Amino acid sequence: QVQLVESGGGLVQAGGSLRLSCAASGSIFSLNTMGWYRQAPGKQRELVAAISSGGMTNYADSVKGRFTISRDNAKNTVYLQMNSLKPEDTAVYYCKADVQIRRFSREYEYWGQGTQVTVSS
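Here goes a summary of the coordinates provided. Values in this document were obtained by computation on a predicted structure and should not be read as measured data.

### Points about the overall build of the protein
Then, in step 1: A count of helical and extended segments in the protein gives 0 helices and 11 strands.
Then, in step 2: Of the regular secondary structure in the protein, the N- to C-terminal order runs β-β-β-β-β-β-β-β-β-β-β.
Then, in step 3: For the protein, the C-alpha radius of gyration of 14 Å lies close to 14 Å, the compact-globule estimate for 121 residues.
Then, in step 4: For the protein, the spread of C-alpha atoms along the principal axes amounts to about 50 × 25 × 25 Å.
Then, in step 5: Buried residues in the protein amount to 45% of all 121 residues.
Then, in step 6: Here the analysis covers contacts within the protein between residues at least 6 apart in sequence; of these, 55% occur between residues at least 24 apart.
Then, in step 7: Of the roughly 6,500 Å² of accessible surface on the protein, 47% is carried by carbon and sulfur atoms.
Then, in step 8: Distance from the positive charge centre (13 side chains) to the negative charge centre (9 side chains) of the protein: 3 Å.

Given below as structure tokens:
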């Protein structure tokens, strides 16, 4: 089994910053693409940012220039630095990881439990 544990959410004023962390542990042979998604009340879950094992990144247009995704492969951890936060960034943020649990196996998708980010105006 693989566990993803997120931390770093909270309440912040508009214009402020937060840094989310997501640490993966368990039966991991290879940790491939990791990403952050968010879901606001009444809306569908959407991709915020993703990063490949080689460091290639992808961002939603709404966060480009404000958010930065990074990872520490030695710690099996992905980060999301969120700057210039806006009230519309308010959501539950979920970490996702594509994991190969043994050599030659397919990838499995794992999700964290979510962490609340609230941006007040």
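### With respect to the packing of aromatic side chains
Then, in step 1: Counted according to the given criterion, the structure contains 1 aromatic pair.
Then, in step 2: We note Arg19 situated over the ring of Tyr79; from NZ or CZ to the ring centre the distance is 4.1 Å.

### Description of the sheet that holds strand β3 (residues 18–26)
Then, in step 1: Within the open sheet, the 4 strands sit side by side as β1-β3-β8-β7. Their pairing is antiparallel. Each having just a single partner strand, β1 (2–7) and β7 (67–72) make up the two edges of the open sheet. For this sheet, the mean inter-axis angle between neighbouring strands, taken without regard to orientation, is 15°.
Then, in step 2: Note that β7 and strand β8 (residues 77–82) share 6 bridges and pair antiparallel.

### Observations regarding the nonpolar core
Then, in step 1: Within the largest apolar cluster, 32 residues are counted, with the highest numbers of intra-cluster contacts made by Trp36, Leu80, Met82 and Tyr93.
Then, in step 2: Those elements that provide at least two residues to this core are β1, β3, β4 (30–39), β5 (46–51), β7, β8, β9 (91–100) and β11 (115–120).
Then, in step 3: Apart from the residues within four sequence positions on either side, Leu80 is in contact with Leu18, Arg19, Leu20, Trp36, Val48, Ala49, Phe67, Thr68, Ile69 and Tyr93.

### With respect to the side chain of Glu6
Then, in step 1: As for its position among the elements, Glu6 is in strand β1.
Then, in step 2: Put simply, Glu6 is tucked away with no salt bridge, and the nearest opposite charge, on Arg45, sits 7.8 Å away.
Then, in step 3: There is a polar contact of 3.2 Å between the side chain of Glu6 and the backbone nitrogen of Gln113.
Then, in step 4: Reaching out from Glu6, the side chain makes a polar contact with the backbone nitrogen of Gly114 at a distance of 2.5 Å.
Then, in step 5: When residues no more than four places from it in sequence are discounted, the contact partners of Glu6 are Ser21, Cys22, Trp36, Tyr93, Tyr94, Cys95, Gly112, Gln113, Gly114 and Thr115.

Parameters and conventions
- Residues numbered from 1 in each chain as written.
- Predicted model: local features only at pLDDT ≥ 70, side-chain atom pairs only at ≥ 80, totals over all residues.
- Heavy atoms only, no water.
- Helix = DSSP H or I, 4+ residues; strand = E, 2+ residues; numbered from the N terminus.
- Rg over C-alpha atoms; globule rule 2.2 N^0.38 Å.
- Buried < 20%, exposed > 50% of the residue type's maximum accessible area, 1.4 Å probe, protein only.
- Contact = heavy atoms within 4.5 Å.
- Areas by Shrake-Rupley, 256 points an atom, 1.4 Å probe, with all protein chains shown as cover.
- Lys, Arg positive; Asp, Glu negative; His and termini not counted.
- Charge placed at Lys NZ, Arg CZ, Asp CG, Glu CD.
- Phe/Tyr/Trp six-rings, centres within 6.5 Å; stacked < 30°, edge-to-face > 60°.
- Lys NZ or Arg CZ within 6 Å of the ring centre and 35° of its normal.
- Pairing = 2+ DSSP bridges.
- Axes fitted to C-alpha atoms, helices over the stretch in contact; angles between N-to-C directions.
- Core = buried A, V, L, I, M, F, W, Y, C linked by side-chain atoms within 4.5 Å.
- Salt bridge = Lys/Arg side-chain N within 4 Å of Asp/Glu carboxyl O.
- Polar contact = N/O pair within 3.5 Å; in protein donor to acceptor, adjacent residues only side chain to side chain.

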